[in-house]
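Residue-level structural notes
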Amino acid sequence: MTPEELDRQIAEASDPARHPWDGGPAAVSRAKQAILDDLRPVRPLPPDWALAVGFLFLFAIFAGSSALALGMYGVHVLSGWQSVLIFTILAGSAALAAVACVREMRPASGSPLGAAALACAVILFPLVFAAVFHGYGTHDLVKQGIPCLIAGLCVSVPAGLVTGWIIRRGFVLSWSRAGGAAGTLCGLAGLGMLELHCPNLIAIHVILWHVAVVLISGLLGFLVGRALDAVNNR
């Protein structure tokens, strides 16, 4: 029941034209009956841990399946320790973004984490990539980078639509925060796909174009959520 429907039920129950005034208790009783008769039980949300695992599963499915479809060329050129370091940090960042998405589904479930997850990703990954990879030449930087950026966004945008559909099953108070959290999680899915697929290990390429997928996805999710908040407020 929406606030508008609740106001209408109370107004109709206490309208003198519809119900002659017969005292306060009778009007209150009619209002309670009109409201309670219209109430329906809702399906409770799963536990927080189950939702977080579900979001992580969604992240892994989009990253892994798209990398399989495009070719797992990137993972074959990474050394063992590079793979462990990059994908461990990627999994941790995705877990933080997943928890941020869960918190936006439940009011008073904890401090918002979407902005922290986005900031952590766009600050931490350039540092990791700078330590792991080498090469800062700008030859064909744009020519080689644009396809990676487009491929990453082609993964993150559909993942964002599915994530948003799941989040709306909760009680979202701020779609801008929820959109930022969802965009960060799905941007990390795009980044994960690129690390599995892209064999270009030049540091400037990975820092600029791969991390840009996370930044653009997070900001895009925030802007879409901001637009939804504006519509809802009106």
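What counts and what doesn't
- Residues numbered from 1 in each chain as written.
- Predicted model: local features only at pLDDT ≥ 70, side-chain atom pairs only at ≥ 80, totals over all residues.
- Heavy atoms only, no water.
- Helix = DSSP H or I, 4+ residues; strand = E, 2+ residues; numbered from the N terminus.
- Buried < 20%, exposed > 50% of the residue type's maximum accessible area, 1.4 Å probe, protein only.
- Phe/Tyr/Trp six-rings, centres within 6.5 Å; stacked < 30°, edge-to-face > 60°.
- Lys NZ or Arg CZ within 6 Å of the ring centre and 35° of its normal.
- Patch = residues over 30% accessible without salt bridge, like charges linked within 9 Å, V, L, I, M, F, W, Y side chains within 5 Å.
- Areas by Shrake-Rupley, 256 points an atom, 1.4 Å probe, with all protein chains shown as cover.
- Salt bridge = Lys/Arg side-chain N within 4 Å of Asp/Glu carboxyl O.
- Expected span 1.5 Å × (residues − 1).
- Contact = heavy atoms within 4.5 Å.
- Core = buried A, V, L, I, M, F, W, Y, C linked by side-chain atoms within 4.5 Å.
- Disulfide = S-S within 2.5 Å.

Structural notes on unusual backbone geometry
The phi torsion of most residues other than glycine is negative, and most of the peptide bonds are trans. Located in the positive-phi region is Ala-108, a residue other than glycine, with phi close to 60 degrees. The topology assignment puts Ala-108 in the loop between α5 (80-105) and α6 (114-132). What makes Ala-108 exposed here is its relative accessible area of 85%. With a phi angle near 55 degrees, Asp-140 is a residue other than glycine that sits in the positive phi range. With relative accessibility at 31%, the residue Asp-140 sits in the partly exposed group.

Remarks on the environment of Ala-119
Topologically, Ala-119 is positioned in helix α6. A relative accessible area of 34% places Ala-119 in the partly exposed class.

Regarding the packing of aromatic side chains
Enumeration according to the criterion identifies 2 aromatic pairs in this entry. Each ring, one from Phe-125 and one from Phe-129, has its centre 5.7 Å from the other, and the planes form 35 degrees; the classification is tilted. Placement of the pair is Phe-125 and Phe-129 together in helix α6, with a separation of 4 residues, close to one helical turn. Residue class for Phe-125 comes out buried when judged on its relative accessible area of 1%. According to the relative accessible area criterion, Phe-129 is buried, its value standing at 0%. Directly above the ring of Trp-165 sits Arg-169, whose terminal nitrogen or CZ lies 5.8 Å from the centroid.

Considering a nonpolar patch on the surface
A contiguous nonpolar surface patch, about 440 Å² in accessible area, is contributed by Val-157, Leu-161, Leu-220, Val-224 and Leu-228. Only α7 (141-167) and α9 (203-233) provide two or more residues apiece to the nonpolar patch. Per-element accounting of the nonpolar patch gives the leading share, 3 residues, to α9. Mapped onto the elements, Val-157 comes out in helix α7.

Concerning the environment of Cys-154
Tracing the sequence through the fold places Cys-154 in helix α7. Under the relative-accessibility criterion, Cys-154 is labelled exposed at 53%. Remark: the alpha-carbon pair of Cys-154 and Ser-66, spanning 88 residues in sequence, is separated by 9.4 Å.

Considerations on α7
Counted at 1.5 Å a residue, the expected span for α7 with its 27 residues is 39 Å, and the 37 Å between its end C-alpha atoms agrees. Along α7, the residues that are buried comprise Leu-141, Gly-145, Cys-148, Leu-149, Ala-151, Gly-152, Val-155, Ser-156, Ala-159, Thr-163 and Ile-167. Contacts made by the buried residues of α7 are with α3 (48-70), α5, α8 (175-197) and α9.

Structural notes on the pattern of salt bridges
Applying the stated criterion to the full structure yields 2 salt bridges. Notably, a salt bridge pairs Asp-48 with Arg-106, separated by 2.3 Å at the nearest N-O pair. Taken as a pair, Asp-48 in helix α3 and Arg-106 in the loop between α5 and α6 lie far apart in primary sequence, 58 residues in all. Asp-48 gets classed as partly exposed once you look at its relative accessible area, which sits at 36%.

Regarding the nonpolar core
If you look at the biggest cluster of nonpolar residues, it comprises 56 residues, and the most contacted ones within it are Phe-55, Phe-125, Phe-129, Phe-133, Ile-167 and Leu-188. Secondary structure elements with two or more residues in this core: α3, α5, α6, α7, α8 and α9. Take this core: its biggest share by element is 12 residues, from α8. Apart from residues lying up to four places away in sequence, Phe-129 is in contact with Ile-86, Leu-191, Glu-195, Ala-203, Val-206, Ile-207 and Val-211.

Concerning the state of the cysteines
All told, the structure shown has 0 disulfides when counted by the stated rule. The thiol of Cys-186 is unpaired, and the distance to the nearest cysteine sulfur, on Cys-101, comes to 7.0 Å. Here Cys-186 falls in the buried class, since its relative accessible area comes to 3%. Free of any disulfide, Cys-198 has its nearest cysteine sulfur in Cys-148, 3.7 Å distant. Given the relative accessible area of 7%, Cys-198 is considered buried.

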